[in-house]
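# Tertiary structure, described
Listed here are the chains, written in short residue letters.
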Amino acid sequence: MINPEEFLKFLKERRSIRSFLDKEIPDKEIEMILEAGRWAPSASNKQPWEFIVIKDKEFKLKVSKTAAYGRFMKQAPVLIAIIGKTRISPKWYIIDTSLVTMNMMLMAWSLGPIGTCWIGSMNRERARDILKLSETDYVATILPFGYPEGEIPSPTARKSKEKLVKEI
Ligand SMILES: Cc1cc2nc3c(=O)[nH]c(=O)nc-3n(C[C@H](O)[C@H](O)[C@H](O)COP(=O)(O)O)c2cc1C
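Let me begin by describing the structure that accompanies this report.

Rules of the game
Residues numbered from 1 in each chain as written. Predicted model: local features only at pLDDT ≥ 70, side-chain atom pairs only at ≥ 80, totals over all residues. Heavy atoms only, no water. Axes fitted to C-alpha atoms, helices over the stretch in contact; angles between N-to-C directions. Helix = DSSP H or I, 4+ residues; strand = E, 2+ residues; numbered from the N terminus. Parallel < 35°, antiparallel > 145°, perpendicular 65-115°, else oblique. Contact = heavy atoms within 4.5 Å. Nonpolar A, V, L, I, M, F, W, Y, C, P; charged D, E, K, R; others polar. Salt bridge = Lys/Arg side-chain N within 4 Å of Asp/Glu carboxyl O. Buried < 20%, exposed > 50% of the residue type's maximum accessible area, 1.4 Å probe, protein only. Phe/Tyr/Trp six-rings, centres within 6.5 Å; stacked < 30°, edge-to-face > 60°. Lys NZ or Arg CZ within 6 Å of the ring centre and 35° of its normal.

This part takes up the packing of helix α1 (residues 4-13) against helix α4 (residues 93-110). Their axes nearest at 10 Å, the elements α1 and α4 cross at an angle of 105°. Looking at the two axes, α1 sits roughly perpendicular to α4. Contact residues: F10, L11 and E13 in α1; L106, W109 and S110 in α4. Grouping the constituent residues of the contact of α1 with α4 by class yields four nonpolar, one polar and one charged.

A word on the pattern of salt bridges. Summed over all chains, the structure comprises five salt bridges. One salt bridge in this structure joins E50 and K85, with 3.5 Å as the shortest N-O distance. One end of the pair, E50, is in strand β1 (residues 49-54); the other, K85, is in strand β2 (residues 78-85), with 35 residues separating them in the sequence. Residues D137 and K85 are paired through a salt bridge, measuring 2.8 Å at the closest nitrogen-oxygen approach. One end of the pair, D137, is in strand β3 (residues 137-145); the other, K85, is in strand β2, with 52 residues separating them in the sequence. Each member of the pair, D137 as well as K85, carries the same accessibility label: buried. Residues joined in a network through salt bridges with shared partners are E50, K85 and D137.

Turning to the packing of aromatic side chains, a few remarks are in order. In this structure the tally under the stated criterion is four aromatic pairs. Both rings, one in Y69 and one in F72, keep their centres 6.2 Å apart while their planes meet at 80°; by these two values the pair is edge-to-face. According to the relative accessible area criterion, Y69 is exposed, its value standing at 60%. Its relative accessible area of 14% is what places F72 among the buried residues. Pairing Y93 with Y138 gives two aromatic rings, centres 5.3 Å apart and planes at 70°, and the pair type is edge-to-face. With a gap of 45 residues between them, Y93 in helix α4 and Y138 in strand β3 connect regions that are remote in the sequence. Taking relative accessible area as the criterion, Y138 reaches 22% and is therefore assigned partly exposed. Just above the ring of Y147 sits the side chain of K23; from NZ or CZ to the centre is 4.3 Å. Over the face of the ring belonging to F59 we find K62, whose NZ or CZ atom lies 5.6 Å from the ring centre.

Given below as structure tokens:
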């Protein structure tokens, strides 16, 4: 089992990375990131998702243009689009794909780290067209993966426990 203190430290040290080295990620590591996603929990275990690994430069450039704040995606050696299958789980696909995303982000961070950043604001219809998906598919996010360029950013602020936690 993982040491709980170390695990909490690991969670606290993860940062969103927005600048990447021009260095390939070995396939084995991409496989591990995909596995971490595949093992995410989902409502009624419906697993309403698919993953698209994007390495092609042209595709990377095209999908990066769909992001409002994520053009840096095109720098990353690999992107993974996380697709929600709305027909499989109409009520939970957003939550379920969010859990996939978190699993992948944490797995990546444990690998070196490999950095990534959740891309939230994007033109999902446009991304869906570029990826040739069906109208019932939901592009939850497209995660860029790459080795961080330069220093790991300083920790971002968190609200205090006093503000967040109530005990009854
Ligand atoms: C749902 C969601 C959407 C986000 N969308 C974006 C985005 O579009 N572009 C971006 O650069 N960062 C995005 N982020 C990253 C957040 O800005 C980042 O997680 C937050 O500032 C905390 O920093 P940390 O991840 O380094 O702890 C998003 C994060 C989440 C959870």
